[in-house]
Amino acid sequence: MPLQNVWLDTMLELKDVRKDFDGLRAVDGVSFGVDEGQIVGLIGPNGSGKSTLLSLIAGTIEPTGGQIFFAGEDITHLPANEIFQRGLVRGFQDPSLFFQMTLLDNTLLPIKNQRGEQARYAPWRRFWQQEEHDHSQKAGNMLEQVGLREHFDKSASDLSGGQMKLLEIARSLMGDPRMLLLDEPAAGVAPKLAHEIFAYIAMLRRDAGVTFLIVEHRLELLFNIVDYVYVMHNGKRLAHGTPDEIIDNDEVREVYFGD
Amino acid sequence: MIDLSNIDFVATTIALLTIFGIWSIMAISLNLEYGVAGIPNFGQALFVSLGAYTTGVMYSRVMPLLAGHDALDPCDADTLASALQLRSDIAQSMPVATFVTVAIALVVAMFISGLVGYVMSLITLRLKEEWFLALVLLVGGEIIRILVRGYKPIICANSGIAGIAQPFRSITDDTQLGTILFMVMVLVLALIVYWYSERLIRSPYGRLLKAVRENDAVAQSLGKDVVRIRARVMFIGSAIAAVAGVLFALNLGLVSTNDFVVTLTLDVWVMVVLGGLGNMRGALLGAAVITLLRRVTQVAAIQLNQSGVDLEFNFVRFILLGIILLIMLRYRPQGLLPESRRTTVAHDALLTDANK
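So, how was this worked out
- Residues numbered from 1 in each chain as written.
- Chains lettered and ligands numbered in written order.
- Predicted model: local features only at pLDDT ≥ 70, side-chain atom pairs only at ≥ 80, totals over all residues.
- Heavy atoms only, no water.
- Helix = DSSP H or I, 4+ residues; strand = E, 2+ residues; numbered from the N terminus.
- Buried < 20%, exposed > 50% of the residue type's maximum accessible area, 1.4 Å probe, protein only.
- Contact = heavy atoms within 4.5 Å.
- Areas by Shrake-Rupley, 256 points an atom, 1.4 Å probe, with all protein chains shown as cover.
- Lys, Arg positive; Asp, Glu negative; His and termini not counted.
- Charge placed at Lys NZ, Arg CZ, Asp CG, Glu CD.
- Patch = residues over 30% accessible without salt bridge, like charges linked within 9 Å, V, L, I, M, F, W, Y side chains within 5 Å.
- Salt bridge = Lys/Arg side-chain N within 4 Å of Asp/Glu carboxyl O.
- Pairing = 2+ DSSP bridges.
- Buried area = accessible area lost by both parts, 1.4 Å probe.
- Polar contact = N/O pair within 3.5 Å; in protein donor to acceptor, adjacent residues only side chain to side chain.
- Domains from an automatic or database assignment.
- Nonpolar A, V, L, I, M, F, W, Y, C, P; charged D, E, K, R; others polar.
- Disulfide = S-S within 2.5 Å.
- Axes fitted to C-alpha atoms, helices over the stretch in contact; angles between N-to-C directions.
- Parallel < 35°, antiparallel > 145°, perpendicular 65-115°, else oblique.
- Left-handed = near helix turned anticlockwise from the far one by under 90°.

## A short note on the overall build of chain B
Here's step 1: Helix and strand counts for chain B come out as 14 helices and two strands.
Here's step 2: Reported as C-alpha extents along the three principal axes, the dimensions of chain B are approximately 70 × 50 × 45 Å.
Here's step 3: Expressed as a percentage of the 356 residues in chain B, the buried residues total 52%.
Here's step 4: Restricting to contacts in chain B with at least 6 residues of sequence separation, those with at least 24 account for 78%.
Here's step 5: If you sum the accessible surface of chain B, you get close to 15,100 Å²; carbon and sulfur atoms cover 67% of it.
Here's step 6: Separation between the mean location of the 26 positive side-chain charges and that of the 24 negative ones in chain B comes to 11 Å.

See below:
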């Protein structure tokens with residue numbers, strides 16, 4: 001398949017990315033690009049390699065072959081923390097909060113360059129008290145945006161499944177991401193809340209210019225907001241196009257919708 | 001049957017408080033590493049021993065020089081007795097040399113132990129996860145102990161270094177006053193360590209450590225260099241453990257590899273699990289309970305032996321510690337005093353906003 005046109009404002013670009021697990025090829029030569037400010041969907045049946053692909057991009061696991069570029073920089077072999085620092089932030093499929101910590105602590109953690117996180121400053125409050133105060137205001141506003149501010153003092157484990165998803169998005173945003181990778185943000189979430197989450201994603205793109213790559217099974221939600229869709233099957237890119245093109249694609253219907 | 005009339009309660013109290021202070025420092029160190037940061041350090045005995053060995057080296061090599069004498073070889077059979085006599089004389093008559101020696105021992109011990117903890121953690125965590133580090137520290141601690149036991153130039157191999165007189169003997173002839181002052185010094189150091197670790201965990205740094213403990217993969221995805229963070233907290237924890245090691249040697253008056261076997265590590269673990277993981281007050285409580293338990297079983301062992309009972313009561317202590325550990329892990333894994341959920345002042349800031 002031909003590479004998609006590469007624009008100057010390409011945010012994320014994958015070139016022939018491969019990943020083997022003990023001889024099993026989970027991701028088999030995938031190439032694609034995501035332009036800045038786009039919301040791109042990544043769909044495919046279970047086991048088609050979508051989540052693995054997100055982990056490869058985010059640096060949680062290392063590719064066997066191929067290259068990954070973010071904002072023009074080769075990030076293929078960077079560790080996950082370095083990739084986060086460059087503004088590429090991932091969410092997880094299962095809520096991956098720090099469950100024994102409060103919502104506020106969860107939200108404060110991703111903030112970059114915190115002086116108080118350095119052991120040599122930490123015991124002396126005067127070095128970080130003002131900074132921490134500013135951060136907590138910012139975190140409070142972020143929690144407000146996702147409707148969780150009143151719960152800021154609760155443990156994350158006390159939240160409902162949908163609230164956990166919201167908190168995770170809020171936490172991701174605290175790292176000032178240029179691009180967010182989301183893995184099934186609406187899975188296990190009540191329909192009304194799922195709509196709110198997707199409306200929120202659309203708003204973040206519109207108002208904050210955040211680029212998104214979203215894995216999601218609930219296509220009725222996803223196709224409302226995405227600009228472009230990639231379909232994966234057996235570790236390969238099966239098809240790509242606008243939501244309308246994907247719905248009309250016979251190959252996709254066969255593997256994905258089962259007819 | 002049990003005769004308490006020959007126990008000096010004042011001396012016992014002083015001794016117990018001193019030992020409590022020393023064990024508290026060890027417990028706080030492990031609580032910072034495991035309770036807060038989730039690093040299972042099974043090598044606590046190693047880091048404590050590094051403090052003790054350093055003290056032995058400083059007393060035998062550096063203190064005579066500070067007092068204006070030549071350092072005699074403390075291990076050689078010909079000079080052993082005179083070297084011991086020289087140490088004792090200095091420690092009983094020259095306060096400046098003595099206290100400078102103790103200060104140097106503290107600083108050097110903290111640095112060496114911290115560096116060992118940092119490097120071992122950094123190398124090991126690059127390869128595997130934290131439970132592999134636990135084994136490396138456990139085995140590494142024993143290997144280093146056996147090396148020191150066999151290599152004469154450090155603390156004279158298995159004969160150890162005696163005559164590590166308590167520093168306050170240099171300013172007073174009153175033995176009891178000397179032990180009281182030493183007790184005060186130990187408790188003040190324990191208080192400083194407690195205060196420091198409390199401040200550490202109630203800061204953004206404490207939040208970072210807890211996040212690494214709860215889910216290191218997610219913390220890494222949120223921009224945190226997990227391996228380096230763990231190695232750094234091992235530096236701090238190991239340095240603190242070395243302080244306990246210096247005090248341990250000063251309190252005992254003797255440095256010997258026999259004191260730093262694995263059971264020391266296990267005692268500290270029971271303290272932390274009993275008191276409460278992640279709660280520094282819990283570490284103090286655990287240290288107090290286990291210190292008392294150790295002393296009671298030791299006294300009972302002596303008393304029982306004197307009254308002709310054929311039972312090695314010291315082993316009962318190990319059984320009791322094991323039972324405590326099992327009961328806590330089964331029924332109250334968070335410990336007697338659980339960790340507080342909040343970390344920094346940030347929560348107070350939002351609370352005051354909410355109440356406006």
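On we go.
## Concerning a nonpolar patch on the surface
Here's step 1: The grouping of Phe-111, Ile-112, Leu-115, Val-119, Ile-123, Leu-127 and Phe-132 of chain B at the surface amounts to a nonpolar patch, some 640 Å² of accessible area in total.
Here's step 2: Ranked by residues supplied to the nonpolar patch, first place goes to helix H4 (residues 95-127) of chain B with six residues.

## Here we look at the sheet that holds strand E2 (residues 24-35) of chain A
Residue and element names in this part refer to chain A.
Here's step 1: Strand order in the open sheet made by the four strands is E2-E1-E4-E5, with antiparallel pairing throughout. With one partner strand each, in any of the chains shown, E2 and strand E5 (73-74) form the two edges of the open sheet.
Here's step 2: Pairing analysis gives two bridges linking strand E4 (residues 65-70) to E5, with the strands arranged antiparallel. Each bridged residue has a counterpart across the sheet, and for Phe-69 the counterpart in E5 is Asp-74.

## Structural notes on the environment of Ile-75 of chain A
Residues and elements named next belong to chain A.
Here's step 1: In this fold, Ile-75 is placed in the loop between E5 and helix H2 (80-85).
Here's step 2: In this structure, the C-alpha to C-alpha distance between Ile-75 and Ile-57, residues 18 residues apart in sequence, is 8.2 Å.
Here's step 3: Once residues within four sequence positions are removed from consideration, Ile-75 is found in contact with Ile-57, Ile-68, Phe-69, Phe-70, Ile-83, Arg-86 and Leu-88.

## Re the interface of chain A and chain B
Here's step 1: Contact with chain A, which involves 42 residues of that partner, is made by 36 residues of chain B.
Here's step 2: At the boundary of chain A with chain B, total buried surface from both sides reaches about 3,600 Å², with 61% on carbon and sulfur atoms.
Here's step 3: Inspection of the region where chain A meets chain B yields three salt bridges.
Here's step 4: A salt bridge links Glu-132 of chain A to Arg-207 of chain B, with the nearest nitrogen and oxygen atoms 2.8 Å apart.
Here's step 5: There are eleven residue pairs in polar contact (both at pLDDT 80 or more) connecting chain A and chain B.

## Brief notes about the domain arrangement of chain A
All names here are of chain A.
Here's step 1: Split into domains, chain A comes out as domain 1 (10-97 + 175-257) and domain 2 (103-158).
Here's step 2: The gap between the C-alpha centroids of domain 1 and domain 2 is 28 Å.
Here's step 3: Of the residues lining the interface, eight residues belong to domain 1; the matching set on domain 2 comes to eight residues.
Here's step 4: Our count for the domain 1 to domain 2 interface comes out at one salt bridge.
Here's step 5: Of the charged contacts, one joins Lys-138 and Asp-176 as a salt bridge, the two residues approaching to 3.6 Å between their closest N and O atoms.
Here's step 6: Taken together, the elements giving at least two residues each to the side of domain 1 that touches domain 2 come down to H2 and helix H6 (191-208).
Here's step 7: Considering only residue class, the side of domain 1 that touches domain 2 consists of four nonpolar, three polar and one charged.

## Structural notes on the state of the cysteines
Residues and elements named next belong to chain B.
Here's step 1: Within the structure shown, the criterion is met by one disulfide over all chains.
Here's step 2: Here Cys-75 is linked by a disulfide to Cys-156, with a sulfur-sulfur distance of 2.1 Å. When the S-S torsion is -75 degrees, as for the bridge of Cys-75 with Cys-156, the disulfide is left-handed. Here Cys-75 is found in the loop between helix H2 (44-66) and helix H3 (80-93), whereas its partner Cys-156 is found in the loop between helix H6 (152-155) and strand E1 (161-162), with 81 residues between them in sequence.
Here's step 3: Judged by its relative accessible area of 3%, Cys-156 is buried.

## Focus on the packing of H2 of chain B against helix H10 (residues 226-252) of chain B
Residues and elements named next belong to chain B.
Here's step 1: At a closest axis distance of 6 Å, the pairing of H2 and H10 adopts a crossing angle of 50 degrees. Accordingly, the angle class assigned to the pair H2 and H10 is oblique. Seen from above, H2 lies across H10 with right-handed handedness. Counting all contacts with H2, which are made through Gln-44, Phe-47, Val-48, Gly-51, Ala-52, Thr-55 and Tyr-59, the residues of H10 involved are Met-234, Ser-238, Ala-241, Ala-242, Ala-244, Gly-245, Val-246, Ala-249 and Leu-250.
Here's step 2: Tallied by class, the residues present in the contact of H2 with H10 amount to eleven nonpolar, five polar and no charged.

## Examining the environment of Ala-231 of chain B
Residues and elements named next belong to chain B.
Here's step 1: The topology assignment puts Ala-231 in helix H10.
Here's step 2: Judged by relative accessible area, Ala-231 falls into the buried class, the value being 0%.
Here's step 3: Sequence-wise, Ala-231 and Leu-247 are 16 residues apart; in three dimensions their C-alpha atoms are separated by 25 Å.
Here's step 4: When near neighbours in sequence (up to four residues on either side) are disregarded, Ala-231 contacts Tyr-118, Ser-121 and Leu-122.

## Brief notes about unusual backbone geometry
Here's step 1: We note that Asn-234 of chain A has phi near 50 degrees; this positive angle belongs to a residue other than glycine.
Here's step 2: Locating Asn-234 of chain A in the fold gives a position in the loop between strand E9 (228-233) and strand E10 (236-241).
Here's step 3: Positive phi outside glycine occurs at Cys-156 of chain B, with the angle close to 60 degrees.

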